[in-house]
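# Observations on the model geometry
The residues making up each chain are set out below.
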Amino acid sequence: MTEDIRKRLDPEASIPKHVAIIMDGNGRWAKRLGQPRIAGHKEGMNNVKTIATAASHLGVKVLSLYAFSTENWSRPSKEVNFLMRLPVDFFGTFMPDLIKENIKVLVTGFTDHLPDRTRKVVMKAVEDTKDNTGMILNFAFNYGGRAEIVHAAKELAIKAQDGSINPEDIDDELFSSQLLTSQLGELADPDLLIRTSGEERISNFMLWQLAYSEMVFDETLWPDYSVDNLIEDIQEFDRRDRRFGSV
(Lines give C-alpha, C1' and ligand atoms only; values in the text may rest on other atoms or scores of the structure.)
Protein backbone atom coordinates (compact mmCIF):
# COMPACT_ATOMS: atom_id res chain seq x y z
CA MET A 1 0.00 0.00 0.00
CA THR A 2 2.83 2.41 0.84
CA GLU A 3 4.27 2.49 -2.65
CA ASP A 4 0.86 2.68 -4.34
CA ILE A 5 -0.45 5.53 -2.21
CA ARG A 6 2.70 7.62 -2.56
CA LYS A 7 2.48 7.31 -6.33
CA ARG A 8 -0.75 9.29 -6.14
CA LEU A 9 1.14 12.33 -4.87
CA ASP A 10 3.69 14.48 -6.67
CA PRO A 11 7.14 13.17 -5.62
CA GLU A 12 8.08 16.77 -4.83
CA ALA A 13 4.94 17.42 -2.78
CA SER A 14 5.46 18.73 0.74
CA ILE A 15 3.95 16.29 3.25
CA PRO A 16 2.71 17.92 6.46
CA LYS A 17 4.54 16.44 9.42
CA HIS A 18 1.56 16.93 11.73
CA VAL A 19 -1.99 16.63 10.44
CA ALA A 20 -4.88 17.37 12.81
CA ILE A 21 -8.45 16.43 11.91
CA ILE A 22 -11.72 17.58 13.42
CA MET A 23 -13.81 14.54 12.56
CA ASP A 24 -17.17 16.20 12.02
CA GLY A 25 -20.40 14.99 10.46
CA ASN A 26 -21.08 11.63 12.10
CA GLY A 27 -24.53 12.65 13.28
CA ARG A 28 -25.57 14.15 9.95
CA TRP A 29 -24.28 11.06 8.14
CA ALA A 30 -26.52 8.87 10.29
CA LYS A 31 -29.50 11.19 9.91
CA ARG A 32 -29.26 11.04 6.10
CA LEU A 33 -29.58 7.28 6.36
CA GLY A 34 -32.41 7.44 8.88
CA GLN A 35 -30.23 5.93 11.60
CA PRO A 36 -29.49 7.08 15.19
CA ARG A 37 -26.50 9.34 15.77
CA ILE A 38 -24.55 6.57 17.45
CA ALA A 39 -24.53 4.66 14.14
CA GLY A 40 -22.61 7.57 12.66
CA HIS A 41 -20.12 7.55 15.51
CA LYS A 42 -19.54 3.82 15.02
CA GLU A 43 -18.95 4.25 11.30
CA GLY A 44 -16.66 7.19 12.02
CA MET A 45 -14.64 5.03 14.40
CA ASN A 46 -14.20 2.41 11.69
CA ASN A 47 -12.90 5.11 9.36
CA VAL A 48 -10.12 6.08 11.77
CA LYS A 49 -8.17 2.93 10.94
CA THR A 50 -8.37 3.61 7.17
CA ILE A 51 -7.25 7.23 7.41
CA ALA A 52 -4.58 6.58 10.05
CA THR A 53 -3.04 3.81 7.96
CA ALA A 54 -3.07 6.00 4.83
CA ALA A 55 -1.53 8.96 6.68
CA SER A 56 1.21 6.71 8.01
CA HIS A 57 2.02 5.40 4.53
CA LEU A 58 2.07 8.93 3.13
CA GLY A 59 4.80 9.90 5.59
CA VAL A 60 2.81 11.91 8.13
CA LYS A 61 4.63 11.90 11.47
CA VAL A 62 1.70 12.82 13.75
CA LEU A 63 -2.02 12.43 13.12
CA SER A 64 -4.13 14.15 15.79
CA LEU A 65 -7.83 13.31 15.86
CA TYR A 66 -10.36 15.36 17.81
CA ALA A 67 -12.33 12.48 19.30
CA PHE A 68 -14.16 14.02 22.29
CA SER A 69 -14.16 17.59 23.53
CA THR A 70 -14.61 18.96 27.03
CA GLU A 71 -17.91 20.39 25.75
CA ASN A 72 -19.23 17.06 24.48
CA TRP A 73 -20.25 16.06 28.01
CA SER A 74 -23.34 18.24 27.49
CA ARG A 75 -24.69 15.84 24.83
CA PRO A 76 -27.46 13.36 25.72
CA SER A 77 -26.21 10.78 28.24
CA LYS A 78 -26.94 7.87 25.89
CA GLU A 79 -24.69 9.38 23.23
CA VAL A 80 -21.95 10.26 25.74
CA ASN A 81 -21.99 6.73 27.16
CA PHE A 82 -21.65 5.32 23.65
CA LEU A 83 -18.75 7.66 22.87
CA MET A 84 -17.01 6.52 26.05
CA ARG A 85 -17.30 2.92 24.85
CA LEU A 86 -15.85 3.67 21.43
CA PRO A 87 -12.18 3.55 22.55
CA VAL A 88 -12.84 0.14 24.09
CA ASP A 89 -14.23 -1.13 20.77
CA PHE A 90 -11.60 0.64 18.68
CA PHE A 91 -8.55 -0.65 20.48
CA GLY A 92 -10.14 -4.04 20.98
CA THR A 93 -10.63 -4.34 17.22
CA PHE A 94 -7.73 -2.47 15.67
CA MET A 95 -4.81 -2.86 18.09
CA PRO A 96 -3.23 -5.70 16.03
CA ASP A 97 -3.33 -3.45 12.96
CA LEU A 98 -1.77 -0.54 14.86
CA ILE A 99 1.02 -2.80 16.07
CA LYS A 100 1.53 -4.15 12.55
CA GLU A 101 1.74 -0.62 11.17
CA ASN A 102 4.25 0.37 13.91
CA ILE A 103 1.89 3.18 14.98
CA LYS A 104 2.39 4.75 18.39
CA VAL A 105 -0.74 5.81 20.28
CA LEU A 106 -0.85 8.93 22.45
CA VAL A 107 -3.79 10.58 24.18
CA THR A 108 -4.01 14.33 24.70
CA GLY A 109 -6.69 15.46 27.11
CA PHE A 110 -7.87 15.45 30.69
CA THR A 111 -7.88 11.67 31.02
CA ASP A 112 -8.38 11.71 34.81
CA HIS A 113 -11.99 12.74 34.18
CA LEU A 114 -12.79 9.75 31.97
CA PRO A 115 -14.76 6.73 33.19
CA ASP A 116 -12.42 4.12 34.70
CA ARG A 117 -12.88 1.55 31.94
CA THR A 118 -12.32 4.08 29.17
CA ARG A 119 -9.24 5.53 30.85
CA LYS A 120 -7.71 2.10 31.47
CA VAL A 121 -8.24 1.05 27.85
CA VAL A 122 -6.72 4.18 26.32
CA MET A 123 -3.77 4.17 28.69
CA LYS A 124 -3.15 0.48 27.94
CA ALA A 125 -3.07 1.35 24.23
CA VAL A 126 -0.47 4.03 24.99
CA GLU A 127 1.57 1.54 27.02
CA ASP A 128 1.28 -1.28 24.45
CA THR A 129 2.55 0.93 21.62
CA LYS A 130 5.13 3.02 23.49
CA ASP A 131 8.05 1.34 21.75
CA ASN A 132 6.61 1.73 18.25
CA THR A 133 8.67 4.08 16.11
CA GLY A 134 6.26 4.92 13.30
CA MET A 135 3.55 7.56 13.04
CA ILE A 136 2.05 8.91 16.26
CA LEU A 137 -1.73 8.54 16.36
CA ASN A 138 -2.72 11.19 18.87
CA PHE A 139 -6.29 11.10 20.15
CA ALA A 140 -7.58 14.35 21.61
CA PHE A 141 -9.99 12.86 24.12
CA ASN A 142 -11.74 14.98 26.73
CA TYR A 143 -9.74 17.84 25.29
CA GLY A 144 -10.52 21.55 25.06
CA GLY A 145 -8.20 24.32 23.91
CA ARG A 146 -9.33 26.90 26.45
CA ALA A 147 -9.17 24.43 29.34
CA GLU A 148 -5.67 23.46 28.21
CA ILE A 149 -4.50 27.07 28.20
CA VAL A 150 -6.05 27.79 31.60
CA HIS A 151 -4.40 24.64 32.97
CA ALA A 152 -1.01 25.74 31.62
CA ALA A 153 -1.44 29.22 33.10
CA LYS A 154 -2.25 27.75 36.51
CA GLU A 155 0.81 25.48 36.37
CA LEU A 156 3.06 28.44 35.56
CA ALA A 157 1.44 30.54 38.30
CA ILE A 158 2.19 27.81 40.84
CA LYS A 159 5.81 27.60 39.67
CA ALA A 160 6.16 31.37 39.85
CA GLN A 161 4.60 31.46 43.30
CA ASP A 162 6.96 28.82 44.69
CA GLY A 163 9.94 30.54 43.10
CA SER A 164 10.90 27.75 40.68
CA ILE A 165 10.52 30.17 37.73
CA ASN A 166 10.75 33.91 37.29
CA PRO A 167 7.59 35.37 35.71
CA GLU A 168 9.80 37.40 33.39
CA ASP A 169 11.15 34.14 31.95
CA ILE A 170 7.75 33.01 30.67
CA ASP A 171 7.86 32.95 26.87
CA ASP A 172 6.29 30.92 24.05
CA GLU A 173 8.61 27.98 24.62
CA LEU A 174 8.03 27.80 28.36
CA PHE A 175 4.28 28.19 27.97
CA SER A 176 4.19 25.47 25.31
CA SER A 177 6.02 23.13 27.68
CA GLN A 178 3.02 23.27 30.03
CA LEU A 179 0.44 22.42 27.36
CA LEU A 180 -1.01 18.93 27.04
CA THR A 181 0.59 18.60 23.61
CA SER A 182 4.11 19.02 25.00
CA GLN A 183 4.47 15.23 24.76
CA LEU A 184 4.68 15.70 20.98
CA GLY A 185 7.83 17.79 21.31
CA GLU A 186 8.79 19.76 18.21
CA LEU A 187 5.82 18.26 16.34
CA ALA A 188 3.22 19.71 18.73
CA ASP A 189 1.92 22.34 16.29
CA PRO A 190 -0.10 20.96 13.35
CA ASP A 191 1.06 21.92 9.86
CA LEU A 192 -2.37 21.13 8.46
CA LEU A 193 -5.80 21.21 10.10
CA ILE A 194 -8.62 19.43 8.29
CA ARG A 195 -12.24 19.75 9.34
CA THR A 196 -14.74 17.53 7.64
CA SER A 197 -18.47 18.15 6.99
CA GLY A 198 -18.06 21.67 5.58
CA GLU A 199 -18.28 23.54 8.89
CA GLU A 200 -15.71 26.33 9.06
CA ARG A 201 -14.69 26.72 12.68
CA ILE A 202 -12.10 25.16 14.97
CA SER A 203 -14.41 24.39 17.91
CA ASN A 204 -11.97 24.98 20.76
CA PHE A 205 -9.35 22.67 19.24
CA MET A 206 -5.63 23.38 19.76
CA LEU A 207 -6.15 27.14 20.03
CA TRP A 208 -2.48 27.80 20.81
CA GLN A 209 -1.01 25.23 18.45
CA LEU A 210 -2.99 26.27 15.36
CA ALA A 211 -1.48 29.76 15.22
CA TYR A 212 0.18 29.18 11.84
CA SER A 213 -1.45 25.98 10.66
CA GLU A 214 -2.89 25.74 7.18
CA MET A 215 -6.61 24.93 7.31
CA VAL A 216 -8.73 22.95 4.88
CA PHE A 217 -12.50 22.70 5.34
CA ASP A 218 -13.60 19.58 3.51
CA GLU A 219 -17.28 19.17 2.60
CA THR A 220 -17.20 15.39 3.13
CA LEU A 221 -18.86 13.97 6.23
CA TRP A 222 -16.32 12.09 8.35
CA PRO A 223 -17.69 8.55 7.82
CA ASP A 224 -17.39 9.15 4.05
CA TYR A 225 -13.97 10.81 4.24
CA SER A 226 -11.69 8.66 2.11
CA VAL A 227 -8.03 8.21 1.29
CA ASP A 228 -8.74 10.22 -1.87
CA ASN A 229 -10.02 13.10 0.28
CA LEU A 230 -6.90 12.95 2.42
CA ILE A 231 -4.64 13.04 -0.63
CA GLU A 232 -6.58 15.97 -2.10
CA ASP A 233 -6.31 17.90 1.17
CA ILE A 234 -2.56 17.25 1.38
CA GLN A 235 -2.20 18.41 -2.22
CA GLU A 236 -4.04 21.59 -1.23
CA PHE A 237 -1.58 22.01 1.64
CA ASP A 238 1.29 21.63 -0.81
CA ARG A 239 -0.11 24.51 -2.89
CA ARG A 240 -0.14 26.89 0.07
CA ASP A 241 2.62 29.45 0.60
CA ARG A 242 3.43 29.31 4.30
CA ARG A 243 5.05 32.56 5.45
CA PHE A 244 4.60 32.41 9.25
CA GLY A 245 3.98 36.14 9.44
CA SER A 246 6.86 37.05 7.15
CA VAL A 247 6.71 38.07 3.47
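The following refers to the structure shown. (Residues numbered from 1 in each chain as written. Predicted model: local features only at pLDDT ≥ 70, side-chain atom pairs only at ≥ 80, totals over all residues. Heavy atoms only, no water.)

## Looking at the pattern of salt bridges
Here the structure, examined in full by the defined rule, presents 14 salt bridges. Note that K49 is salt-bridged to D97, the shortest N-O span being 3.5 Å. Of this pair, K49 sits in helix α3 (residues 37–58) while D97 sits in helix α4 (residues 77–100), and the two are 48 residues apart along the sequence. On the basis of relative accessible area, D97 is assigned to the partly exposed category, the value being 26%. The shortest N-O distance in the salt bridge between K130 and E127 comes to 2.8 Å. Taking the relative accessible area as the measure of exposure, K130 reaches 43% and is therefore partly exposed. Residue E127 is classed as partly exposed on the basis of its relative accessible area, which comes to 44%. (Salt bridge = Lys/Arg side-chain N within 4 Å of Asp/Glu carboxyl O. Helix = DSSP H or I, 4+ residues; strand = E, 2+ residues; numbered from the N terminus. Buried < 20%, exposed > 50% of the residue type's maximum accessible area, 1.4 Å probe, protein only.)

## Details of the pairing of strand β5 (residues 192–195)
With burial as the criterion, each face of β5 is covered, one bearing L192 and I194 and the other bearing L193 and R195. The pairing of strand β1 (residues 18–22) with β5 spans four bridges and is parallel. If you follow I21 over to β5, its bridge partner there is I194. (Pairing = 2+ DSSP bridges.)

## Digging into the nonpolar core
Grouped burial of nonpolar side chains is what soluble globular proteins tend to show. Counting 53 residues, the largest nonpolar core has I21, L63, F91 and L230 as its most contacted members. In terms of residue count, the dominant contributor to this core is α4 (10 residues). If we ignore the near neighbours within four places in the chain, the residues touching I21 are I51, L63, S64, L65, Y66, I194 and W222. With 11 residues, the next largest nonpolar core counts A20, F110, Y143 and L180 among its residues. (Core = buried A, V, L, I, M, F, W, Y, C linked by side-chain atoms within 4.5 Å. Contact = heavy atoms within 4.5 Å.)

## Some details on the pairing of strand β3 (residues 104–108)
Counting buried positions along β3 gives four out of five residues, so the element sits mostly inside the fold. As paired elements, β3 and strand β4 (residues 136–143) share five bridges and run parallel to each other. Its bridge partner lying in β4, V107 is registered against F139. Handedness of the crossover joining β3 and β4 through helix α5 (residues 116–128): left-handed. (Right-handed = clockwise from strand over helix to strand, strands pointing away.)

## A few points about the packing of aromatic side chains
Summed over all chains, the structure comprises 11 aromatic pairs. Their ring planes at 40° and their centres at 5.7 Å tell us that F68 and F141 sit as a pair that is tilted. Linking F68 in strand β2 (residues 62–69) with F141 in strand β4, this pair joins segments that are 73 residues apart in sequence. According to the relative accessible area criterion, F141 is buried, its value standing at 6%. Aromatic pair Y143 and F205: ring centres 5.9 Å apart, planes at 85°, arrangement edge-to-face. You can see Y143 sitting in strand β4 and its partner F205 sitting in the loop between β5 and β6 (214–217), a full 62 residues away along the chain. Taken together through their ring pairs, the aromatic side chains of F90, F91, F94 and F139 make up a single cluster. (Phe/Tyr/Trp six-rings, centres within 6.5 Å; stacked < 30°, edge-to-face > 60°.)

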